[in-house]
Amino acid sequence: MKILLLGATGMVGSRIAKEAVARGHEVTAVSRSGKSPGEARPNLTAVAGDASDTALVARLAGEHEAVASALAPPRDGSDPREPFTALYTALTDAVRASGTERLVVVGGAGSLLVGPGKRLVDTPDFPDAYKGEALAHHDVLTLLRGRGGDGLNWTYISPAAEIAPGERTGTFRLGDDRMLTAPDGSSRISAEDYAIAFVDELEQAVHPKRRISVVGI
Ligand SMILES: NC(=O)c1ccc[n+]([C@@H]2O[C@H](COP(=O)([O-])OP(=O)(O)OC[C@H]3O[C@@H](n4cnc5c(N)ncnc54)[C@H](OP(=O)(O)O)[C@@H]3O)[C@@H](O)[C@H]2O)c1
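Calculation rules
- Residues numbered from 1 in each chain as written.
- Predicted model: local features only at pLDDT ≥ 70, side-chain atom pairs only at ≥ 80, totals over all residues.
- Heavy atoms only, no water.
- Salt bridge = Lys/Arg side-chain N within 4 Å of Asp/Glu carboxyl O.
- Helix = DSSP H or I, 4+ residues; strand = E, 2+ residues; numbered from the N terminus.
- Buried < 20%, exposed > 50% of the residue type's maximum accessible area, 1.4 Å probe, protein only.
- Near = heavy atom within 4 Å.
- Polar contact = N/O pair within 3.5 Å; in protein donor to acceptor, adjacent residues only side chain to side chain.
- Nonpolar A, V, L, I, M, F, W, Y, C, P; charged D, E, K, R; others polar.
- UniProt positions renumbered as here; feature names shortened; annotations may be inferred.
- Core = buried A, V, L, I, M, F, W, Y, C linked by side-chain atoms within 4.5 Å.
- Phe/Tyr/Trp six-rings, centres within 6.5 Å; stacked < 30°, edge-to-face > 60°.

**Description of the pattern of salt bridges**
Okay, so step 1: Going through the model one piece at a time under the given rule, you end up with 16 salt bridges.
Okay, so step 2: When the shortest N-O distance is used, the salt bridge between Arg-23 and Asp-200 registers 2.8 Å. One end of the pair, Arg-23, is in the loop between α1 (11–22) and β2 (26–31); the other, Asp-200, is in helix α5 (residues 191–204), with 177 residues separating them in the sequence.
Okay, so step 3: Take Asp-200: its relative accessible area is 22%, and that puts it in the partly exposed class.
Okay, so step 4: One salt bridge connects Arg-178 with Asp-176, and the closest N-O pair in it is separated by 2.7 Å.

If you want it as structure tokens, here you go:
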């Protein structure tokens, strides 16, 4: 499959690139730096570009069967909500214009439900430092569920509350809007295992127009 991966050099994006390339997919890896997310491979092409450039994204998306986004909101201490929504509005418009329908998004955990109508981000122990990013991600999910998702076959994949580089174990569970935890109450996933679930969904497209979540066991 030809995959356009936005945010390919990041902590999560580079694991998705590695997983997809290892499975033989053709990956075009976009970031503003244009760096390669991994060692040179014939099926990996690094491209410098800004995901807010609708003409560029529409052209590139049209040359691929699926678009994957591992973009992160600004982390400079400013409120990321408005710029992240603007970025995803431009991105969804561009993908729609390209004629490619499939869009799979790396999401956030803060909007997962920990009780009826209660999001993880609303809990007292949720770290202040991550609140802006969590709310920005909830806005993106709302955008996809509304007008932003029109005409697109999107899937939004929330990681567990903690995602970090680690081991590729192949052992994880998929959930829905509710936050899943391991028997010890933790909510963790390695970025490598998250990438397996993400590329599975890219290949199989079994959760159209839905948010799913991934947690380690
Ligand atoms: N538990 C959680 O909820 C949780 C935890 C961690 C991460 N996440 C989410 O996972 C996603 C990825 O996070 P991460 O930690 O992997 O981020 P990261 O390491 O900062 O990577 C972000 C990637 O996006 C690229 N990028 C940023 N803005 C761009 C733009 N306008 N155009 C093109 N490329 C752009 C960056 O490269 P350049 O700077 O070179 O463009 C980089 O490749 C984020 O959405 C984050 O919120 C969720």
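**Side note on the site of the ligand**
Okay, so step 1: Around the ligand lies a shell of 27 residues, among which Thr-9, Arg-32, Leu-71, Glu-133 and His-137 are the nearest.
Okay, so step 2: The contact in question runs from an oxygen atom of the ligand to an N or O atom on the side chain of Glu-133, over 2.5 Å.
Okay, so step 3: One of the side-chain N or O atoms of His-137 is found 2.7 Å from an oxygen atom in the ligand.
Okay, so step 4: Every element with two or more residues in the shell around the ligand is listed here: α1 and α4 (128–145).
Okay, so step 5: Residue composition of the shell around the ligand, by class: 14 nonpolar, nine polar and four charged.

**So, the side chain of His-25**
Okay, so step 1: Inspection of the secondary structure puts His-25 in the loop between α1 and β2.
Okay, so step 2: For His-25, a relative accessible area of 8% gives the class buried.
Okay, so step 3: One polar contact links His-25 to Glu-203, side chain to side chain, over a distance of 2.7 Å.

**Observations regarding the environment of Thr-89**
Okay, so step 1: For Thr-89, the position within the fold is in helix α3 (residues 81–98).
Okay, so step 2: For the pair Thr-89 and Val-140, spaced 51 residues apart in sequence, the C-alpha to C-alpha distance is 8.5 Å.

**Some details on the UniProt feature "domain: NAD(P)-binding" (unreviewed entry) in the protein**
Okay, so step 1: On the UniProt side, "domain: NAD(P)-binding" (unreviewed entry) is annotated at positions that read residues 7–202 here.
Okay, so step 2: When the span residues 7–202 is considered, its composition is 35% helix and 21% strand, and the gap between its end C-alpha atoms is 16 Å.

**Some remarks on the nonpolar core**
Okay, so step 1: Ranked by size, the top nonpolar core spans 30 residues in total, and within it Ile-16, Tyr-194 and Phe-198 carry the most contacts.
Okay, so step 2: Mapped onto this core, the elements with two or more residues apiece are β1 (2–6), α1, β2, β4 (66–69), β5 (102–106), α5 and β12 (210–216).
Okay, so step 3: Here this core gets seven residues from one element, more than from any other, and that element is α5.
Okay, so step 4: Formed by 26 residues, the second largest nonpolar core is a distinct cluster that contains Leu-4, Leu-87, Leu-103 and Val-140.

**Side note on the packing of aromatic side chains**
Okay, so step 1: By the definition in use, this model includes two aromatic pairs.
Okay, so step 2: Between Phe-84 and Tyr-88 the ring centres are 5.1 Å apart and the planes differ by 85°, which places this aromatic pair in the edge-to-face class. Placement of the pair is Phe-84 and Tyr-88 together in helix α3, with a separation of four residues, close to one helical turn. No difference in accessibility class separates Phe-84 from Tyr-88, as the two residues are buried.
Okay, so step 3: Here the aromatic rings of Tyr-194 and Phe-198 are separated by 6.0 Å at their centres, their planes lie at 40°, and the arrangement is tilted. Of this pair, Tyr-194 and Phe-198 both sit in helix α5, four residues apart, which is roughly one turn of the helix.
Okay, so step 4: Classification of Tyr-194 by relative accessible area gives buried; the value is 0%.

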